[in-house]
Amino acid sequence: MTRVAVVTGGNKGIGFAIVKALCQKYDGNVYLTARDITRGLNAVSELEKQNLKPKFHQLDINDDESVIKLRDYLKNTYGGLDVLINNAAIAFKNDTEPFGFRAEETIRVNYFSLHRVCTALYPLLRPHARVVHVSSCLGRLCNITSDALKQKLSNPNLTEEELNNMMHEFVSAAKSNTHIQAGWPNSGYAASKIGVSALAGIHQSMFNKDSRKDIAVNSVHPGYVDTDMTSHRGTLTPDQGAIAPVYCALLPENTEIKGRYIWEDATLSDWK
Ligand SMILES: NC(=O)c1ccc[n+]([C@@H]2O[C@H](COP(=O)([O-])OP(=O)(O)OC[C@H]3O[C@@H](n4cnc5c(N)ncnc54)[C@H](OP(=O)(O)O)[C@@H]3O)[C@@H](O)[C@H]2O)c1
């Protein structure tokens, strides 16, 4: 059986560096996925020049059809999936659009599209699979001012449906400019990443009850990285930003690191 790893948003930045590191370290096929085929294939060529052999599949995480095509391809070609790295995300760089619009769009992509990929691909995960949600240092509860929200988000019994509703509530509050009053951060990106960190815990609780043994879902803060997203102001290289995600992807069988939040240097941290 050939093992298989998938990285979303692999054509540049941290995702590209994750693909590169997995090509070097992972015993299986590594899929660089990208929403734009040309950008994706150019990235594959760049890695091939370094004697690495990533495979490619188109994936736009916002697009149901694209996600289902990847799911069917993986099912027919490999009969399963062993590593999923949810790296793709967006961040608005300026405030030319209204806050409510930016908040809605950011939650849509960073939270709900990540959720879409998980819903489609989780049935394929094999025992010992590793899932990584790339979050952020902004995806911690210290970025929320409301104790009630903090309590709800850190409740170990929080369900996926309740978390989805909370993300919708944030968007509504952002549109009516009441989000700060409600205790949310003044950033759609931070709210989306808080959702992503919380989702990892919920997914882990789900897999703890699954008949497929030893599936680990963790979220990571990759560090402040020199990529397009940070307008190249980050202090870490993309290869350094890949350290924590790759560490989580390669956790050994029967690891105890499950449902955790991992810091940029691959140490355990706490998002709560
Ligand atoms: N850089 C940092 O300092 C930092 C810090 C904390 C967390 N993070 C997180 O780390 C991850 C990677 O960030 P980065 O800095 O490498 O960002 P980046 O350079 O902007 O790269 C983002 C990647 O996501 C892809 N993407 C966006 N929307 C997509 C969609 N709908 N479907 C598929 N792919 C999509 C982009 O594809 P296109 O090229 O087609 O746009 C690109 O490949 C993100 O989750 C980010 O939030 C980054």
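A brief report on the enclosed structure follows. (Residues numbered from 1 in each chain as written. Predicted model: local features only at pLDDT ≥ 70, side-chain atom pairs only at ≥ 80, totals over all residues. Heavy atoms only, no water.)

Moving on to the packing of helix H4 (residues 99–121) against helix H7 (residues 188–208). Between H4 and H7, the shortest axis-to-axis distance is 8 Å and the interhelical angle comes to 20°. In this view, H4 runs roughly parallel relative to H7, as classed from their interaxial angle. Crossing of H4 against H7: the hand is right-handed. Contacts between H4 and H7 involve Phe99, Ala103, Thr106, Ile107, Asn110, Tyr111, Leu114, His115 and Cys118 from the first element and Gly188, Tyr189, Ala191, Ser192, Lys193, Gly195, Val196, Leu199 and His203 from the second. Taken together, the residues of the contact of H4 with H7 sort by class into 10 nonpolar, 7 polar and 1 charged. (Axes fitted to C-alpha atoms, helices over the stretch in contact; angles between N-to-C directions. Helix = DSSP H or I, 4+ residues; strand = E, 2+ residues; numbered from the N terminus. Parallel < 35°, antiparallel > 145°, perpendicular 65-115°, else oblique. Left-handed = near helix turned anticlockwise from the far one by under 90°. Contact = heavy atoms within 4.5 Å. Nonpolar A, V, L, I, M, F, W, Y, C, P; charged D, E, K, R; others polar.)

For the rest of this paragraph, the subject is the nonpolar core. With 52 residues, the main nonpolar core has Leu74, Leu81, Leu153, Leu163 and Phe170 as its most contacted residues. Looking at this core, the elements with two or more residues in it are strand E1 (4–7), helix H3 (64–78), strand E4 (81–86), H4, strand E5 (125–134), helix H5 (147–154), helix H6 (160–175) and H7. Tallying contributions element by element places H4 first for this core, with 11 residues. Not counting the four nearest positions on each side in its chain, Phe170 is found in contact with Phe99, Ala103, Ile107, His179, Trp184, Pro185, Ser187, Gly188 and Ala191. Counting 32 residues, the second largest nonpolar core, distinct from the first, contains Ala17, Val225, Leu236 and Cys248. (Core = buried A, V, L, I, M, F, W, Y, C linked by side-chain atoms within 4.5 Å. Buried < 20%, exposed > 50% of the residue type's maximum accessible area, 1.4 Å probe, protein only.)

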